[in-house]
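Each chain, letter by letter, is given below.
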Amino acid sequence: MVNLSGRDAVRAARRVVVKIGTNALTNATGRFNRAHFEALGEDLLWAAQGRELVVVSSGAIALGVERLGLPARPKDIPGKQACAAVGQSRLMQAYEEAFGKVDRRVAQVLLTHGDVQDRRRYLNVKHALERLIAANVVPVINENDTVSVDELKFGDNDTLAALVAGVVEADALIILSDVEGLFTADPRKDPDARLLSQVDAVTPELLALAGGSGSLVGTGGMATKIRAAARVTELGVRCLITSGAVPGRLRSVLSGEPTGTLFETPGTRRSARTAWIAHALKPKGRLLVDAGAREAIVVGKRSLLPSGIRAVEGDFGRGDPVDLVDEQGQAFARGLSAYEDGELRRIAGLKSADIESVLGYRYLDEAVHRDDLAVL
């Protein structure tokens, strides 16, 4: 079997996640652009021929704003939740009509971060999506904004799309936005800005090119898209960012044409479990570790021992996710704690042999076992 790379691999992708941003579904005033959605629907129908397609779609809140006749997107959570409740059914109706032209079935899937934070629920989501795909149904996924609060939110649909691409083990993630891709500068301000055709690695310098959200109706900016690309490429999933505002761009991308910015995969890839720890979990605490412990974890691929812990922050229990932070305050790894926060505060800095004498018991010699660790 020939190993394809770059755009040839995207063209040959058999399972594709397409993320459609709010700006790709609305006009300049933030209202739902039905004519454009119909054109986008034709592109999705084309993409679904001979491929397994999963759609992560924004737009519910924007449609709710329109339906309720509001002048702008609410800034408070109850207001957004009300708009999502009104708009979600209208969004699904649009997808039902689009795919109904070829008698293709769609399924609504609403998720909160809690659905992927818990390992059992994560697997339930995975199995449900696999069953839908096997039945030739197109899952249309969105965040469950009606019930989500800050601790349960993904934050943006770029993050959600990256997690979904990992859950379904996609071959490619296509992010349709209001921009052509990643530029060397903001093209709205710099006429000399140049589109980057391919990115081989996401670096801090690359993230510095991205600003915040440029829209009043969307939540994601280029930085969230780059982070999403970094997450999926670690899993061996290629990511491509292009404009969803131009009809036919999805066809161009999946035909291998030099459109948008392609994020290539590295030579190595994370396991599904370490990817879940690194990207699906929200930390409940932080463990400040010394330089020796950091080197042992990052370079030596070792566990975190109590002796390497300098301070414990947060309120967490056994098995809860925690960030490992170096002496400069930078989180460099995430893992599942083998002890609750109060226990770790008592044994921090001690040798593993002293755990039992201090606590009266010992679960593990490690504070965070290597099997439960993911370097960020």
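Enquirer: So, the overall build of the protein: which residues are in play, and what are the values?
Expert: Across its full length, the protein holds 14 helices and 13 strands. Relative to the 2.2 N^0.38 estimate, which gives 21 Å for 376 residues, the radius of gyration of the protein is 22 Å and therefore close to what a compact globule would have. In terms of its C-alpha atoms, the protein occupies a principal-axis envelope of roughly 70 × 45 × 45 Å. Expressed as a percentage of its 376 residues, the buried residues of the protein come to 52%. Long-range contacts, defined as pairs at least 24 residues apart, comprise 72% of the intrachain contacts of the protein with a sequence gap of at least 6. Both charge centroids of the protein, one from 48 positive and one from 48 negative side chains, sit 3 Å from each other.

Enquirer: Can you break down the sheet that holds strand E2 (residues 52-57) residue by residue, with the values?
Expert: What the eight strands build is an open sheet, ordered E3-E4-E2-E1-E5-E7-E8-E6; its pairing is mixed. The sheet is open, and its two borders are formed by strand E3 (106-111) and strand E6 (198-199), each paired with just one other strand. Sheet topology note: the strand E1 (residues 15-20)/E2 ladder contains six bridges and is parallel. Opposite Val17, over in E2, you have Val54 as the bridge partner.

Enquirer: For helix H4 (residues 77-100), give the residues involved together with the corresponding values.
Expert: Taking 1.5 Å of rise per residue, the 24 residues of H4 would be expected to cover 34 Å, and the 33 Å separating its terminal C-alpha atoms lies within 8% of that figure. Among the residues of H4, those classed as buried are Gly79, Gln81, Cys83, Ala84, Gly87, Gln88, Leu91, Met92, Ala94, Tyr95, Ala98 and Phe99. Looking at the buried positions of H4, the neighbouring elements they touch are E1, helix H2 (34-47), E2, helix H3 (60-68), E3 and strand E4 (138-143). Here H4 starts with a cap whose side-chain oxygen sits 3.1 Å from the backbone nitrogen of Gly79, and that cap is Asp76.

Enquirer: Go over a nonpolar patch on the surface with me, naming the residues and quoting the values.
Expert: A cluster of nonpolar side chains, Tyr361, Tyr363 and Leu364, forms an exposed patch at the surface whose accessible area comes to about 250 Å². If you trace the backbone, Tyr361 turns up in the loop between helix H14 (355-359) and strand E13 (373-375). According to the relative accessible area criterion, Tyr361 is partly exposed, its value standing at 31%.

Enquirer: Hey, could you go over the side chain of Thr26 for me, with residue numbers and the actual values?
Expert: Counting through the fold element by element, Thr26 comes out in the loop between E1 and H2. You can call Thr26 buried: its relative accessible area is 10%.

Enquirer: Break down the pattern of salt bridges for me, with residues and values.
Expert: Tallied over the full model, the rule gives 20 salt bridges. One salt bridge connects Glu42 with Lys101, and the closest N-O pair in it is separated by 3.3 Å. Taken as a pair, Glu42 in helix H2 and Lys101 in the loop between H4 and E3 lie far apart in primary sequence, 59 residues in all. Here Asp323 ties to Arg334 by a salt bridge, and the two come within 2.6 Å at their closest N and O atoms. Separated by 11 residues along the polypeptide, Asp323 in strand E11 (residues 321-325) and Arg334 in strand E12 (residues 331-336) bring together distant segments of the chain. A relative accessible area of 8% places Asp323 in the buried class. What you see here is one network of salt bridges that share partners, running through Arg15, Glu52 and Glu130.

Enquirer: Provide a residue-level description of the pairing of E2, including the pertinent values.
Expert: Where burial is concerned, most of E2 is hidden: five out of the six residues are buried. Taking the sense of rotation as the criterion, the β-α-β connection linking E1, H2 and E2 turns out right-handed.

Enquirer: Could you give me a rundown of the nonpolar core, with the residues and numbers involved?
Expert: If you look at the biggest cluster of nonpolar residues, it comprises 46 residues, and the most contacted ones within it are Val17, Ile141, Leu173 and Phe263. The set of elements that each furnish at least two residues to this core consists of E2, E3, helix H6 (119-134), helix H7 (157-167), strand E5 (172-177), helix H9 (222-233), strand E7 (238-243) and helix H11 (272-280). Filtering out sequence-adjacent residues up to four positions away, Leu173 remains in contact with Val17, Lys19, Ala161, Ala162, Ala165, Val232, Val237, Arg238, Cys239 and Leu240. In this structure, Phe37, Tyr95, Val140 and Leu250 belong to the second largest nonpolar core, which totals 35 residues.

Enquirer: Could you give me a rundown of the sheet that holds strand E9 (residues 285-289), with the residues and numbers involved?
Expert: Pairing is mixed across the open sheet formed by five strands, whose spatial order is E10-E9-E11-E12-E13. In this open sheet, the two strands that pair with only one neighbour each are strand E10 (309-314) and E13. Ignoring strand direction, the axes of neighbouring strands in this sheet form an average angle of 25°. Pairing between E11 and E12: five bridges, direction antiparallel. Residue pairing across strands places Val325 opposite Ala331, the latter belonging to E12.

Enquirer: Report on unusual backbone geometry, specifying residues and quantitative values.
Expert: Of note, the phi angle at Asp103 is positive, near 55°, even though the residue is not glycine. Here Asp103 is to be found in the loop between H4 and E3. The phi angle at Glu169 is positive, at roughly 55°, despite the residue not being glycine. Take Glu169: it is sitting in the loop between H7 and E5.

Enquirer: Tell me about the packing of aromatic side chains, and name the residues and values.
Expert: If you walk through the whole model with that rule in mind, you get five aromatic pairs. With centroids separated by 5.2 Å and ring planes inclined at 45°, the aromatic side chains of Tyr339 and Tyr363 adopt a geometry described as tilted. Here the residue Tyr339 occupies a position in the loop between E12 and helix H13 (341-347), and Tyr363 occupies one in the loop between H14 and E13, the gap between them amounting to 24 residues. For Tyr339, a relative accessible area of 0% translates into the label buried. Ring centres of Tyr361 and Tyr363 lie 5.2 Å apart, and the angle between their planes is 50°; this geometry places the pair in the tilted category. Among the aromatic side chains, those forming a connected cluster through ring pairs are Phe32, Phe37 and Tyr95. Sitting above the plane of the Trp276 ring, Arg119 keeps its charged end 4.9 Å from the centroid. Between the NZ or CZ atom of Arg294 and the centre of the ring of Phe332, over which it lies, the distance is 4.9 Å.

Rules used throughout
Residues numbered from 1 in each chain as written. Predicted model: local features only at pLDDT ≥ 70, side-chain atom pairs only at ≥ 80, totals over all residues. Heavy atoms only, no water. Helix = DSSP H or I, 4+ residues; strand = E, 2+ residues; numbered from the N terminus. Rg over C-alpha atoms; globule rule 2.2 N^0.38 Å. Buried < 20%, exposed > 50% of the residue type's maximum accessible area, 1.4 Å probe, protein only. Contact = heavy atoms within 4.5 Å. Lys, Arg positive; Asp, Glu negative; His and termini not counted. Charge placed at Lys NZ, Arg CZ, Asp CG, Glu CD. Pairing = 2+ DSSP bridges. Expected span 1.5 Å × (residues − 1). Polar contact = N/O pair within 3.5 Å; in protein donor to acceptor, adjacent residues only side chain to side chain. Patch = residues over 30% accessible without salt bridge, like charges linked within 9 Å, V, L, I, M, F, W, Y side chains within 5 Å. Areas by Shrake-Rupley, 256 points an atom, 1.4 Å probe, with all protein chains shown as cover. Salt bridge = Lys/Arg side-chain N within 4 Å of Asp/Glu carboxyl O. Right-handed = clockwise from strand over helix to strand, strands pointing away. Core = buried A, V, L, I, M, F, W, Y, C linked by side-chain atoms within 4.5 Å. Axes fitted to C-alpha atoms, helices over the stretch in contact; angles between N-to-C directions. Phe/Tyr/Trp six-rings, centres within 6.5 Å; stacked < 30°, edge-to-face > 60°. Lys NZ or Arg CZ within 6 Å of the ring centre and 35° of its normal.

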